[in-house]
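The chain contents come next:
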Amino acid sequence: CETCSKEEAKYRCPRCMKYSCSLLCVKKHKLALSCNGVRDKTAFISVNEFTDLNLLSDYRFLEDVGRTADAAARHCIVHSPATKRLLYCLRNKARGCNIELKTLPVGFTKRRENSTIFNSMENKFYWHLKLIFPHCHAEYTLKGVPDDKTLADILKPYIDPVESDPVVCQRLKIYTSSPQSDVRILMKIENRSRNSVRYNELDASRSLLDNLKGKVIIEYPTLFVVLKTLKNDMVVLGQDGSEPAENSDSESSSLSSAEEGEIRDSS
C-alpha cells in the first residue's frame, strides 16, 4: 500500500495508479492528491503501449463527445433570449473595462462552472476564479470575487502563514514557508498556438480588474501561483528572450486550444 506502507495492496486507482490496501487508504490518497479516482480518458499513451482496448476506449470517447455536443446544441437554454441577453451584457460590460471576455457554448465544462456576474448597482464584476498551485498539485475555485480586490488579498487565505486555513496551510506548506517576494502569479495567454504557450505575470499589489485589463478571458480567469525558486515549465511573455512583452499575436484570438480542452472535459 502506497498510503500506509503496512498492508498488502488490494486496489489500484484508475486515475493515478496508486496502490491501496483498504477503503480508508483509498480515501486518504484521494484527499492528499486531490484525486477523483476516475480514469483519465485523454491520458497520453505511447504507440508501443497502444492496444485494441485503447483504440476502443478512444472510439467510445469520441462517441460520448459527439453525443454531448449534440445534446448541448439542442438544449433549450441555448436558444433562450434571456440567456443570450445576459451573456451579451456580461461581454459588453467586460469590453467597457478593456477586457475581452469570450464565452463557450452550453455543455462545455467552463460554461457550466462559470458563476461570474456583473452588479449594475455597484458597477462591479464578481468573478468566478480558479487558483492553481502547480508545486503542490492543488487547485481551488472561488466564487463572487469582487474585481476591486487585490491579488494579494485573494491569496491570503491560502498562502499567508497567519491568516490561511490550517488545513490549506498544511497542504500548501511549500508556499506558506516561502517569502512573499518569491511568489509569482501567472495567467495563461489564451490566444496563442498550442506549441507556443506563454503566460503573463500579474501584479499582486493591484486589483483583479487592473490585472485583467487588456487580457483575453475565456469564461473566467485561471491564475497559476508559482515560486521563483522552484523550476517550472511556464514561460512568461517577454522573459524568454525570443519576443517582447507586448506581442502583436495578442490581437488575433483563437479558441482552438481552449475548445479542445473543454470538449474533452465536457465528456
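Residues numbered from 1 in each chain as written. Predicted model: local features only at pLDDT ≥ 70, side-chain atom pairs only at ≥ 80, totals over all residues. Heavy atoms only, no water.

Trainee: Give me the lowdown on the environment of Val145, citing residues and values where you can.
Mentor: Along the polypeptide, Val145 turns up in strand S6 (residues 138–146). Sequence-wise, Val145 and Leu208 are 63 residues apart; in three dimensions their C-alpha atoms are separated by 8.8 Å. Beyond its immediate stretch of four places on either side in the chain, Val145 contacts Phe125, Tyr126, Trp127, Leu129, Ile154 and Leu208. (Helix = DSSP H or I, 4+ residues; strand = E, 2+ residues; numbered from the N terminus. Contact = heavy atoms within 4.5 Å.)

Trainee: Give me the lowdown on helix H5 (residues 151–159), citing residues and values where you can.
Mentor: Those residues of H5 that sit buried are Leu151, Ile154, Leu155, Tyr158 and Ile159. Down the axis of H5, the sector holding all buried residues measures 110 degrees, keeping them to one side. (Buried < 20%, exposed > 50% of the residue type's maximum accessible area, 1.4 Å probe, protein only. Arc of directions from axis to C-beta.)

Trainee: I'd like a rundown of the environment of Ser207, residues and numbers included.
Mentor: With respect to the helices and strands, the residue Ser207 is situated in the loop between strand S8 (199–202) and helix H8 (208–212). Apart from residues lying up to four places away in sequence, Ser207 is in contact with Asp147, Asp148, Lys149 and Thr150.

Trainee: Give a detailed account of the pairing of strand S5 (residues 124–133), specifying residues and quantitative values.
Mentor: With 10 of 10 residues buried, S5 lies mostly within the body of the structure. The alternating pattern of S5 places Lys124, Tyr126, His128, Lys130 and Ile132 on one face and Phe125, Trp127, Leu129, Leu131 and Phe133 on the opposite face, and all of these are buried. Here 3 bridges tie strand S4 (residues 117–119) to S5, and the two strands are oriented antiparallel to one another. Counterpart to Phe118 in the pairing with S5 is Phe125. Alignment of S5 against S6, held across 7 bridges, turns out to be antiparallel. (Pairing = 2+ DSSP bridges.)

Spatial relationships are all this shows, so hold off on functional conclusions.
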